[in-house]
Structures are given as C-alpha cells and as structure tokens.
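# Commentary on secondary and tertiary structure
Chain by chain, the residues:
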Amino acid sequence: MMTRIEKWKTFLKEFAADQRVRLFFVSVFCFGILAHGMMMFNKYSFGDDSWLLFSIGSLIDVGRWMLGVIGKLYGLIFRNNYSLPLLHVFWTMVFTGLSGTVIIRALDLKNRWSIICLAAVMIAIPSVTGTFGYLFTSAYYALAAFLALLSSVMLFRAENLRQMFAADVLLCCTIGIYQAEEGLAISFLLILLLKHCLQDNLNSRAFWKKAGILLGNLLISAILYAGITVLFLKAAHMTMSAHAGLDQLSGSVGFSLVLMRILQAYQEFILPSAMASTNMYPGNIRILYEVLLILIVLMLGRELRNTKNRSLYLEVFLFLLVFPPAVKLMFLLTDAAYVHSLMMYADIMVFVLAMTLMERVSSSQIQKASVVLLALISFMYVRYDNVVYLKTEVQQSQAVSYYNSLITRIRSVQGYTDDTPVCWIGSLKEVSDETISDYPEFREVITTPYDEVMIRDYAWNYMMKLWCGFDPETVPEEAFSDRKEVQTMPSYPDDGSIRMIDGTIVVKCSEEGD
C-alpha cells in the first residue's frame, strides 16, 4: 500500500514540476479567456439552455447514464445544478488543461510553440464554442473528453488483463457521459499506435498483435456500454430516444448505407462541408486546414523514405485508411442530419497528429512552417469565437426586445387582466415577420446552436419566461385553431393577429403549428 502511495506522490511531483504542463495550462486559460471571455462574463440563454437552466440535460433515454450518475453525486453536494457561465467555462478550461497534459505526456511533445498552439486549438475549436451554447452540460462534456484520452493511454500501456479491463470500463463510462467522445478516444489510440510504429520500428507480427488487442478492447467497451445502457433503460422503464438519431446507434443498417456513411466520413475529413455546423474550419480556416493535411502527408512521406522497415508502409497506409473515419466517427454511427458541432471535438486529433510528426522532422523549415500554420489557425479560431458571441449578444438583445413588444401588445388588449389565459396559434419559430433584421456578416457563423435566428428560437416561450418574466396560463392550440374567426386572422405582427376571444387572448404567431 505504501509503495502505491509513494508512486502517486512521485507522479504528482513530476507532474507539477513539468514545465510543459505549466505552459499548457497557462496557454489554455489565456486563449480560453480571449476566445470565450464574452461567454464567461455574460449570460446567454436560449434554445436548450433556456429550459434546462437548472438541469444537466437528457440522461438515460439518450444513453448518457453516467452523466446521470455524476449529476446525482453533484446534487448530493450542491442540491441543484445551475447553468453558471463563469464556473462552467472555468471547469471546461481545467478539464481541457488536463486533457492536453495527457496528450503532451503520452506523446512526449517538447516544442513549446506547438504546445501553445495545441492549447489554443483545444480550447478555441468551434466544437467547444458550440458546447458553451449548452452551457448547463459543457463542463461535463469536457470531463468526458479528458476521460476518453486518459482511457486511451491506459489501454495502450496496459500490461495485463486487469489494466485492460480498467481502461475498458473507463472508456465505457466516458461514452456514458457523451457518446461522441468515443471518436476522440479511438483517433488518439491510432496516433499512439502510429508513433509506436515510427519510433520502435514494429515488425508486422508485433503490429498486428498490438492492433488486435486494441480493437478487441474497444469492442469490449462498446459491448459494456450497450449492456449497461439496456439495464438503465429497463430499470427506468424507458426506451432509447429518437433524439439526434440515438436510437440508430445500436440498430442494423444495410451495406449500401454503411458504404455511404463511410464515404461521407472521408469527405467531411478531407473537404468539410463549408456551411455545415460540423465544419470545424469556418471561413478561410478551411484553406489552412487543407494545407495542414498536405503537410501531414508530406511528413509521413519523409518517414517512409527514411525507414528500412518495409512493414511500415502497410502500417502507415492502414493508419491513413482508418484515421479519417475515426475522427469523423459520428458520421458512421448515425445519419449526417443528426451530426452537429458538439460531436466534432475529435477534430483536435488532426492537429495532434501534425504536432507529433512535426517533432520527428529534422527539417527546421517544415517545423517553422507547421508552427506558423498552427498559430494562424489558433488566432483565427479565437476571432471566430468572438464573432459567434457578438452575434449571440446582438440576437439575444433583439429577441428580448421583440418578445417584450409582443407582451406589451397582449397586455394592451381591451379586457386583459393578469389572469387572462393566452392561446398561442402556431409558433414564433415560424413567424413570417419581414421586419426582423438580418446581418449578412453573421452568416459565417455556422456553429450549432448559434446558426439560427434567435427571435425564431424553438424555445421562444421559455426565453420569454426567463428573460421577460412573462409566464401566463396557456390554453391548448386545439381549443381555438379550428374556429373560422381564428383561421381568418392575420399572422403576427400584423394588426388583428392578437384578439380576445371568449375571455382568452388568442395570438396567431404563424399559419402552421410547430
């Protein structure tokens, strides 16, 4: 027992003394504040966050049972969960710092400039920005990313079955927090395996043995996760939700659909869809990303030219074959229509791969070019994040003003009292108001959930309650929608779109319902 304690003490001393760790943590917080300062010191609440302000989101019915367990433990200590900007962003930075530490120490990265750029990319990539749009759960997802990377290292270094099983259980729990982190774990394992091949000149037999062990353990983690998910669903008398295609994760699909998904994963890796929320390289960052891919291929080519190990050619080929779909794993697991920004954090592995190869290149010119490229991408990420928050600030102010105008018109109807019920016909999500402002400059914001017009937010009624304090008694739409006098009413904001009918304020938001 004492030996184990002494080992932990030694590890913690080495960890604290590692200058790379200090540099990474300082860089994460500096770039984190630059990129997310507006989110950190303001409160933006729309969409899911407006009605999950005191929650951590959907749990068992979306397969996130471990998130539920953590939520219960959190509740035992603090009673309630709150969507707190300062603390959630702070803890996201802390867990990102820990994640980067795992990467740096596992790959033994030494170049201080690449470490600084890695910190910037890991905290400023649009996937993190998107996660802050769901602030109530952002810190938990950052924890999941850390555990995913940690489980990968544990599995790769495991020397016996007990250590392997511990890594499998940890990865299973990670997926139970957020399924998308599985792609992060697999792509990091592939980089660890590639470095092992390049550094130790693995022969073909040793490579296939190592690859087989890793694949077997990944399958065990997936089976464990599926089994535990079923147990939780049965205990809670639930079925898997269809939200975001989660009910498809364990479903069977035809060969043609599998092939289509694989091809789409490659396409999104090599040429990301420019205006899709899954694109982690908005604007001109996409051009720099393509240059980075070319540099990665060139550096791998140099490795092959300089090796005498012929089996390395096959190993590198297999890596190039498997790495893109591993990074874009969610495109394989579910329909592309359900994949969004939050699921794309594994894209940081492209940068990790570049930094790993860069440190092995003897040419100082390639190293300098790589660092300059990574620095440009880092600063462009920071700029993009600030544009996202500027749009959010403007649109939230516009939405609150719009809703307040609507509330004023409701309260101005003759005969209105504070106990007058309101019947919403249709939804403000479908409102056809030509006066709603549109700034073309904000169209470059493609990251979920900031890519919509906030006045037309699907959770407009929750936003109205949260930001305007208006929460009247409501009457179901069906009670009035079939009446001829309602059908002939114009839609909001036109005159006559708000009327008192039989003691109820009827507001016709749109021609059609949700």
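The following paragraphs examine the structure supplied in this document. Everything quoted here is computed from the prediction, not taken from an experiment.

Here we come to the pattern of salt bridges. One pass over the structure, following the stated rule, counts 14 salt bridges. Among the salt bridges present, the one from Lys 43 reaches Asp 49, with a minimum N-O distance of 3.0 Å. A relative accessible area of 23% places Lys 43 in the partly exposed class. Owing to a relative accessible area of 1%, Asp 49 belongs among the buried residues under this scheme. Among the ionic pairs, Glu 485 bridges to Arg 483, the shortest N-O distance being 3.7 Å.

This part covers empty space enclosed by the protein. The full count for this structure, using the stated rule, is 1 cavity of 30 Å³ or more. A volume near 140 Å³ is recorded for the largest cavity. Around the largest cavity, the lining is made up of 15 residues, and of these Val 128, Thr 131, Tyr 141, Ala 142 and Tyr 345 lie nearest the centre. Contributions of two or more residues to the lining of the largest cavity are made by helix H5 (85–107), helix H7 (126–132) and helix H8 (135–157). In the lining of the largest cavity, the residues fall into 8 nonpolar, 6 polar and 1 charged.

Here Gly 503 is to be found in the loop between strand S2 (498–501) and strand S3 (504–508). What makes Gly 503 partly exposed here is its relative accessible area of 42%. Note: C-alpha distance between Gly 503 and Arg 305 (198 residues apart in sequence) is 83 Å. Setting aside residues no more than four positions away along its own chain, Gly 503 makes contact with Thr 420 and Pro 421.

A complete count under the given rule lists 23 aromatic pairs for this structure. When the ring of Trp 65 is compared with that of Tyr 225, the centres are 6.2 Å apart and the planes differ by 25°; the resulting orientation is stacked. Here Trp 65, found in helix H4 (residues 65–78), pairs with Tyr 225, found in helix H11 (residues 204–235); they are 160 residues apart in sequence, far enough to count as distant. Taken as a pair, Trp 65 and Tyr 225 share a single burial class, namely buried. Here Tyr 281 and Phe 351 contribute two aromatic rings whose centre-to-centre distance is 6.3 Å and whose plane-to-plane angle is 45°, an arrangement assigned as tilted. One end of the pair, Tyr 281, is in the loop between helix H12 (255–270) and helix H13 (285–305); the other, Phe 351, is in helix H16 (residues 348–358), and 70 residues separate them in sequence. Of the two residues, Tyr 281 and Phe 351, both sit in the buried class.

This part takes up the sheet that holds S2. Ordered by their spatial adjacency, 3 strands build an open sheet running S1-S3-S2, and the pairing between neighbours is mixed. Of all the strands in the sheet, the pair left with one neighbour each is strand S1 (422–425) and S2. On average, each strand axis in the sheet is tilted by 25° relative to the strand beside it, whichever way the strands run. Relative to S3, S2 runs antiparallel, the two sharing 4 bridges. Within S3, the position partnered with Ile 501 by the bridge is Thr 504.

On to the pairing of S3, then. For S3, the tally of buried residues reaches 5 of 5 residues, placing the bulk of the element in the interior. Across the two faces of S3 the burial is the same, with Thr 504, Val 506 and Lys 508 and Ile 505 and Val 507 all buried. Note: S1 against S3, 4 bridges, orientation parallel. Its bridge partner being in S3, Ile 425 is matched across the sheet by Lys 508. From the end of S2 to the start of S3, which pair antiparallel, there are 2 residues, and Asp 502 there has a positive phi angle of about 50°.

Rules of the game
- Residues numbered from 1 in each chain as written.
- Predicted model: local features only at pLDDT ≥ 70, side-chain atom pairs only at ≥ 80, totals over all residues.
- Heavy atoms only, no water.
- Salt bridge = Lys/Arg side-chain N within 4 Å of Asp/Glu carboxyl O.
- Buried < 20%, exposed > 50% of the residue type's maximum accessible area, 1.4 Å probe, protein only.
- 1 Å grid on protein atoms, 1.4 Å probe; cavity = no way out; pocket = protein on both sides within 12 Å on 5 of 7 lines; lining within 4 Å.
- Points joined across faces, edges and corners; volume = space filled by probe spheres on them.
- Helix = DSSP H or I, 4+ residues; strand = E, 2+ residues; numbered from the N terminus.
- Nonpolar A, V, L, I, M, F, W, Y, C, P; charged D, E, K, R; others polar.
- Contact = heavy atoms within 4.5 Å.
- Phe/Tyr/Trp six-rings, centres within 6.5 Å; stacked < 30°, edge-to-face > 60°.
- Pairing = 2+ DSSP bridges.
- Axes fitted to C-alpha atoms, helices over the stretch in contact; angles between N-to-C directions.

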